[in-house]
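Report on the structure
Chain residues, written in single-letter form:
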Amino acid sequence: MRKFAKMSLVAAVAVAGLTTTSSAKALEDAIKNVDVSGTVTYRYNDYEDTNNNHDSSSTNRYKIALNLKSQVNEDVTANTRFIIGGNQAGESISSTQDGSDGQLNVTLSEVNFTYTGIKNTAITLGKQALATPFTMARDSMGNEQTGTGILAITNVGPVTLAAAYFNQTNLGDTYGEISDDVLNLNGDEDVAFIGAMASFAGINIDASYVDLDDVFDAYTVGLKASYNVGDVKLSPFVRYSSLDLDDTSADNKLFKIGIDANMGIFGAYLYYGHTDEEGGTTALDFSAETGLDPHWRVTLTGINDADAIYAGVSAQVLPKLNIALKYSSIDTGSKTTGTGDQEEIYTKVTYDMSKNFSTYVQFGQFTKDKERGSTDKDIDSTIGRLNVQYSF
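Attention in this report is confined to the structure presented alongside it. (Residues numbered from 1 in each chain as written. Predicted model: local features only at pLDDT ≥ 70, side-chain atom pairs only at ≥ 80, totals over all residues. Heavy atoms only, no water.)

1. Concerning the packing of aromatic side chains
Considering all chains together, one arrives at 7 aromatic pairs under this definition. Ring centres of Y269 and Y271 lie 4.9 Å apart, and the angle between their planes is 25°; on these two criteria the pair is classed as stacked. Judged by its relative accessible area of 16%, Y269 is buried. Ring geometry for W296 against Y346: centres 5.1 Å apart, planes inclined by 75°, an arrangement best described as edge-to-face. Taken together, the positions of W296 in the loop between β15 (266-275) and β16 (306-318) and Y346 in strand β18 (residues 342-354) put the pair 50 residues apart, joining distant regions of the chain. Given the relative accessible area of 10%, W296 is considered buried. What makes Y346 buried here is its relative accessible area of 4%. An aromatic cluster of three or more residues is present, and its members are Y47, W296 and Y346. The aromatic ring of Y47 is capped on one face by R297, whose charged end is 4.3 Å from the ring centroid. Sitting above the plane of the Y360 ring, K348 keeps its charged end 4.3 Å from the centroid. (Phe/Tyr/Trp six-rings, centres within 6.5 Å; stacked < 30°, edge-to-face > 60°. Buried < 20%, exposed > 50% of the residue type's maximum accessible area, 1.4 Å probe, protein only. Helix = DSSP H or I, 4+ residues; strand = E, 2+ residues; numbered from the N terminus. Lys NZ or Arg CZ within 6 Å of the ring centre and 35° of its normal.)

Okay, here's the thing in structure tokens:
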């Protein structure tokens, strides 16, 4: 696949008349150093709402991500990432009910240089993914958050330190991110970030701080562990996150704790999350580490004064076939705004045809109570999804 991509690129440049006989060989030699990777994903969603017909929908979604990594010299690597999908690095959405089969857009979401000439240190300069616990850096299907600036990472024994500064981001301008509705970001805010991670005797601990100029400052502390009890592998975790807005007195806090367990072909997990009465927005994306959104439509991130439970069991019935049952619920409090209680239960069947080609099907039920005092109807929806992904 990589050889095909390299030769195709050489041919395209030659046909475009951008090379000469004398420069063609040099260009081909340069392309030989390019590492190509990425994903191709198709997703079909079908939500049938029995009580509120205007919310029923079925959509086709597509996204192709192509990463090119080229070794410029001994100390410098050039990195680019192309997204073929919707605007602003999100997925392309085409409704099967009221829309035609739309075309995809091509965007250059990352272009940067990484310097590794200092021992145990990497410095990346340019347009790059916002790789923080508060953001979603890359996703095979969904929005990605990027910024232009500098990121430095260094290892000191068992400790990894990171610091970054960005003078421009796409925050507030990507599909489906939480900042669209709550934080009202423009993308021109300066962003400063520092973080530290360490591993000791099977325990990983991390702490991070981020500041968006004149918008908010936030911090998070997390701990993960992994150990065996007989034939059972246990992986507990705990995380506390806080985000304070600069223009209000509202404090957003989210606490989560959970454990994963695996024994033979069987797996299980149980997670609990709680948000502050004043707010539950501690992440810039619904999939970020500082939130709690491990399932489908029940998402705790962004909901204030609420408690959430996520649970699941699974079985690897065949080497390529996994069957899981997942349940989640959110209980809202008297000060919760914008939503009511939520609950979902669904079955997920995953078939990995090969290491680089995977499919899954989900089917279940989702319910959501109307907000207190609202005239809207409760939602009672049958939900289905097909997802197909090729990785290279």
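2. Observations concerning empty space enclosed by the protein
Counted according to the given criterion, the structure contains 2 cavities of 30 Å³ or more. Here the largest cavity is characterised by a volume of approximately 70 Å³. Lining the largest cavity, in full, are L130, T132, F134, T135, F166, L171, V191, F193, V210, L212 and L284. Within the residue set of the lining of the largest cavity, elements represented by two or more residues are β9 (191-200) and β10 (203-212). A breakdown of the residues in the lining of the largest cavity according to their chemical character gives 9 nonpolar, 2 polar and no charged. Volume-wise, the second largest cavity comes out at about 40 Å³. Taken together, A129, L130, A131, T132, L151, A164, F166 and F193 make up the full set of residues lining the second largest cavity. (1 Å grid on protein atoms, 1.4 Å probe; cavity = no way out; pocket = protein on both sides within 12 Å on 5 of 7 lines; lining within 4 Å. Points joined across faces, edges and corners; volume = space filled by probe spheres on them. Nonpolar A, V, L, I, M, F, W, Y, C, P; charged D, E, K, R; others polar.)

3. Thoughts on the layout of surface pockets
In this model, the second largest pocket occupies a volume close to 350 Å³. Lining the second largest pocket are 21 residues, and of these Q128, A129, A131, L151 and I153 sit closest to its centre. Only β5 (105-115), β6 (121-129), β7 (146-156), β8 (159-169), β9 and β10 provide two or more residues apiece to the lining of the second largest pocket. Residues that form the lining of the second largest pocket fall into these classes: 11 nonpolar, 7 polar and 3 charged.

4. Structural notes on a nonpolar patch on the surface
A cluster of nonpolar residues, I194, F200, I203, I205, Y209, Y219, V221 and L223, forms a patch on the protein surface that exposes about 680 Å² of accessible area. Of all the secondary-structure elements, those providing two or more residues to the nonpolar patch are β9, β10 and β11 (216-225). Checked against the element boundaries, I205 lands in strand β10. Look at I205 and you get partly exposed, because its relative accessible area is 38%. (Patch = residues over 30% accessible without salt bridge, like charges linked within 9 Å, V, L, I, M, F, W, Y side chains within 5 Å. Areas by Shrake-Rupley, 256 points an atom, 1.4 Å probe, with all protein chains shown as cover. Salt bridge = Lys/Arg side-chain N within 4 Å of Asp/Glu carboxyl O.)

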